[in-house]
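Architecture and fold: a report
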Amino acid sequence: MDTTRSLQWLARRRDALPIRPINGLLVSLAVIVCWALWAVVFNVGQFGDNIEQFNWAQSLEWGYHKHPPLPTWLLGATIALFGPSPYWTYLLAALCLIGTALFTWLIGRQLLGERAASAAIVLWGLHLYFSQRAQLYNHNTVLVLWMSATVWFALRARDGGLGWWLATGAAAGAAILSKYQAVVPLAGLLLVLAWTGQLRATRQRAGFALAVVMLLAILAPHAVWLVQNDFAPFHYASEAVASAGFWRRLGFLVSFFANQVRLFFPTLVVLGVCWALARYVDGPTSAAEPQAAADTAREPRNDFRIWSIGLIWWTVGVLIVMALVGSVSLRNHWGMQTFQFLCLWLAWRWDRRAPIDLRRLIAVALLVHGVSLALYAAEHHNPRSLSSKRRIDTMYPAQRIADVALAHWKAQTNCPLEYVSGDEFLAGMASLYSRDRSAARPLVYNTPAVTPWIRPEATVRAGMLFVVDEDEVLPDGLEQPEILKLLLDDGAHQWPKTIRIAMRPPSHACN
């Protein structure tokens, strides 16, 4: 009897404890920081996209052979201001996601009300790209930041002055300079603005024209670079187009959406647990959360359906057409932007059925994050994980690779190591984690098209170190390569994971 009364008392105390809707945002921001710091503690390497950004940041260009330049500019500026560090990508990735979370919450508050917006941002933070991969800095990370900023500025432009339209154009330009994929959601945003009547007034049309002018002005220098370089990033993008029959094209779609479900799996788990608790623990007659009605600032806007079509389903439809009609093999990372606003739709659907118990949602979400953090630590603590067929970039011993590569070079020449080549990922780690303080960090050389800031004749004169995976071919004319075992044989198990290091000596002697 005493136990029953105690549980009832605790339940009453739980209901009496107030929870502010903004707590959902604060929890999500804290989770981003936690995941980034967790990666610093347990990672011994970095994602290949992080390394690629460091490689490109060797020279600030108006464009690069794969993508537009803004993410690389941000990293290059950070290095120029504060000096080199392998952790700048971790910091920039976390800052981009924090900004994305803030803008997404503001958008949700404007469209759905404060409580639903806070629930949405908790669900948003469970997506693997926004939690477990909070350390990943690439063009998608910067793209979602500027897309969320563009949508928020466009929302404010409805009732604000021309300054909000200028901000909308600037953010849209930054989104395209982050990744060309931005053109698709920007077209969806334009559809929303036209559909909701936001462009009917003369003043609003003038503001929209001003935004377009700002957008074109920002893109102009990069457009000139594209023409001068034969639209190199478009050639890279065209590699996604495959010659395939209908069933294979359908397979592109199935594979893409199956991977999106995998990335949303923690979100789905939390939704399922909250639903089960509400149905089987609270019961159908249980009272809703006491703060539910008070925390709702207002009902969702009547035009939220239109906004959800433009921000989510328009882009999904474009991808379906690209796969089935254009025979495009959809890349999994395209889903990061495609579904970045899906959490708003999920919270809207949930709140329409029953007031969201924000306290319970936060508790279950933190529990799932805790389990995910433990699994991440266990995987990165187990050396056998590196022997799996998939490449786990964050488990490559970057510092050991860099130290062995530098020692191999210094054992054969007194010249400073200026250039590293071979596998872009491995060579990038050898450069980024180099501890030779007597010389500048070695530059990563690929090809004249990929790294045009490095002259091939300069690499001949200074020599070059090659770091390649076990399956890659080294250039002819090199000496016997050094074999570096990433996983040592412990006598009971053999985990074949090796890289090879070789050098082409400089054409001149050094004292």
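Only a predicted model underlies this, so the values are computations on that prediction, with no experimental measurement involved. (Residues numbered from 1 in each chain as written. Predicted model: local features only at pLDDT ≥ 70, side-chain atom pairs only at ≥ 80, totals over all residues. Heavy atoms only, no water.)

1. Focus: a nonpolar patch on the surface
Applied cut-off: Here a patch means residues that are over 30% exposed by relative accessible area and free of salt bridges, tied together within 9 Å if like-charged and within 5 Å if nonpolar (Val, Leu, Ile, Met, Phe, Trp, Tyr). Computed with the Shrake-Rupley method and a 1.4 Å probe, the accessible areas treat only the protein chains shown as cover for residues. Basic side-chain nitrogens of Lys or Arg form a salt bridge, by our definition, when they fall within 4 Å of a carboxyl oxygen of Asp or Glu. Working definition: helices are DSSP H or I runs of at least four residues, strands are E runs of at least two. Numbering for both runs from the N terminus.
Together, Leu 191, Trp 195, Ile 309, Trp 313 and Trp 314 give the surface a local cluster of nonpolar side chains, amounting to about 450 Å² of exposed area. Of all the secondary structure elements, the ones that give two or more residues to the nonpolar patch are α9 (183–195) and α15 (304–324). Sort the elements by how many residues they give to the nonpolar patch and α15 lands first, with three residues. The topology assignment puts Trp 314 in helix α15.

2. Here we look at the state of the cysteines
To keep it simple, the criterion reads: The term disulfide is used for any two cysteine sulfur atoms that are within 2.5 Å. Only protein chains enter the accessibility calculation, which uses a 1.4 Å probe. A residue is then buried if its area is under 20% of the maximum for its type, exposed if over 50%, and partly exposed in between.
Overall, the coordinates contain one disulfide when judged by the stated rule. Across the disulfide, Cys 415 is cross-linked to Cys 510 (sulfur-sulfur distance 1.9 Å). Here the S-S torsion is close to 95°, and the disulfide linking Cys 415 with Cys 510 is therefore right-handed. Of this pair, Cys 415 sits in the loop between α19 (398–410) and β1 (419–422) while Cys 510 is found in the segment after β5 (498–504), placing the two residues 95 residues apart along the sequence. With relative accessibility at 23%, the residue Cys 510 sits in the partly exposed group. No disulfide involves Cys 34; its sulfur sits 19 Å from that of Cys 96, the nearest cysteine. Using a relative accessible area of 32% as the deciding quantity, one classes Cys 34 as partly exposed. Free cysteine: Cys 343, not disulfide-bonded; nearest cysteine sulfur from Cys 274 at 15 Å.

3. Looking at unusual backbone geometry
With a phi close to 55°, Asp 230 is a non-glycine residue in the positive phi region. Here Asp 230 lies in the loop between α10 (202–228) and α11 (232–237). The backbone phi angle of Phe 231 is positive, close to 50°, even though this residue is not glycine. Mapped onto the fold, Phe 231 is located in the loop between α10 and α11. Using a relative accessible area of 35% as the deciding quantity, one classes Phe 231 as partly exposed.

4. A few points about the packing of aromatic side chains
Keep this limit in mind: Stacked, tilted and edge-to-face are the three classes assigned to paired rings of Phe, Tyr and Trp, where Trp is represented by its six-membered ring and a pair needs centres within 6.5 Å; plane angles under 30 degrees give stacked, over 60 edge-to-face, the rest tilted.
Inspection of the entire model under this criterion finds 21 aromatic pairs. Relative to Tyr 64, the ring of Trp 56 has its centre 5.3 Å away and its plane inclined at 5°; by these criteria the two rings are stacked. Judged by relative accessible area, which is 1%, Tyr 64 ranks as buried. The interplanar angle of 90° and the centroid separation of 5.9 Å between the aromatic rings of Trp 275 and Tyr 280 together place this pair among those described as edge-to-face. By relative accessible area, Tyr 280 is classed as exposed at 59%. Chaining the aromatic ring pairs together yields one cluster made of Phe 256, Phe 257, Phe 264 and Phe 339.

5. As for the pattern of salt bridges
In this structure the tally under the stated criterion is six salt bridges. When the shortest N-O distance is used, the salt bridge between Glu 52 and Lys 66 registers 2.9 Å. Of this pair, Glu 52 sits in helix α3 (residues 48–56) while Lys 66 sits in the loop between α3 and α4 (70–82), placing them 14 residues apart in sequence. Comparing Glu 52 with Lys 66, the two get one shared label, buried.

6. Examining the sheet that holds strand β3 (residues 464–469)
Selection rule: Strands are treated as partners if at least two bridges between them are detected by DSSP. Contact criterion: two residues are considered in contact whenever any of their non-hydrogen atoms come within 4.5 Å of each other. Axis angles are defined between N-to-C directions and span 0 to 180 degrees, where every axis is a line fitted to C-alpha atoms and, for a helix, only to the segment in contact.
The five strands lie next to each other as β2-β1-β3-β5-β4, forming an open sheet whose pairing is mixed. The open sheet has two edge strands with one neighbour each: β2 (443–444) and β4 (482–485). Pairing of β3 with β5, which is carried by six bridges, proceeds in the antiparallel orientation. Across the sheet, residue Asp 469 finds its bridge partner in β5, namely Ile 499. Sheet contacts for α19: β3, β4 and β5; angle to β5, the most-contacted strand, approximately 30°.

7. Some details on the packing of helix α12 (residues 246–263) against helix α13 (residues 265–282)
Cut-off, in case you're wondering: Angle categories: roughly parallel below 35 degrees, roughly antiparallel above 145, roughly perpendicular from 65 to 115, and oblique for all the rest. In this classification, the charged set is Asp, Glu, Lys and Arg, the nonpolar set is Ala, Val, Leu, Ile, Met, Phe, Trp, Tyr, Cys and Pro, and all remaining amino acids, among them Gly, are polar.
At a closest axis distance of 4 Å, the pairing of α12 and α13 adopts a crossing angle of 60°. When the axes of α12 and α13 are compared, the pair comes out oblique. Here α12 contributes Val 261, Arg 262 and Leu 263 to the contact with α13, which in turn contributes Phe 265, Pro 266 and Leu 268. Per-class residue counts for the contact of α12 with α13 are five nonpolar, no polar and one charged.

8. A short note on a positive patch on the surface
Here is the rule we go by: In summary, the charge assignment counts Lys and Arg as positive and Asp and Glu as negative, without counting His or the chain termini. To locate a charge, take NZ of a lysine, CZ of an arginine, CG of an aspartate or CD of a glutamate.
On the surface, Arg 305, Arg 349, Arg 352 and Arg 353 cluster together into a patch of positive charge. Of the residues forming the positive patch, the biggest block, three residues, is contributed by helix α17 (residues 342–353). On the secondary structure map, Arg 352 appears in helix α17. Assessed through its relative accessible area of 48%, Arg 352 is described here as partly exposed.

9. Side note on the nonpolar core
Applied cut-off: Nonpolar cores are built from buried Ala, Val, Leu, Ile, Met, Phe, Trp, Tyr and Cys residues. Side-chain atoms within 4.5 Å join them into one set.
Ranked by size, the top nonpolar core spans 143 residues in total, and within it Trp 307, Leu 361, Ile 401 and Val 467 carry the most contacts. With 14 residues, the single largest contributor to this core is helix α5 (residues 88–112). Counting 11 residues, the second-largest nonpolar core is a separate cluster that includes Ala 458, Met 464, Leu 474 and Leu 478.

10. Looking at the pairing of β5
The buried fraction of β5 is high, at six of seven residues. Here β4 runs beside β5; their pairing, made up of four bridges, is antiparallel. If you follow Lys 485 over to β5, its bridge partner there is Thr 498.

11. Structural notes on helix α8 (residues 162–178)
The condition that has to hold: Helix span, expected: 1.5 Å multiplied by one less than the number of residues in the helix.
Helix length check: α8, at 17 residues, gives a terminal C-alpha distance of 24 Å against a target of 24 Å (1.5 Å per residue), a fit within 8%. Looking at α8, one finds that the buried residues are Trp 165, Thr 168, Gly 169, Ala 171, Ala 172, Gly 173, Ala 174, Ala 175, Ile 176, Leu 177 and Ser 178.

12. Digging into the pairing of β1
Filter applied, for reference: Note on handedness: a crossover is taken as right-handed if, strands pointing away from the viewer, the path from the first strand over the helix to the second is clockwise.
As paired strands, β1 and β2 are joined by two bridges and run parallel to one another. Bridged to Tyr 419 within β2 is Leu 443. In this view, the connection linking β1 to its parallel neighbour β2 by way of helix α20 (residues 424–432) has right-handed handedness. Bridge count between β1 and β3: three bridges; the pairing is parallel. Looking at β3, one finds that Val 420 is bridged to Leu 465.

By themselves, these figures tell us nothing about what the structure is for.
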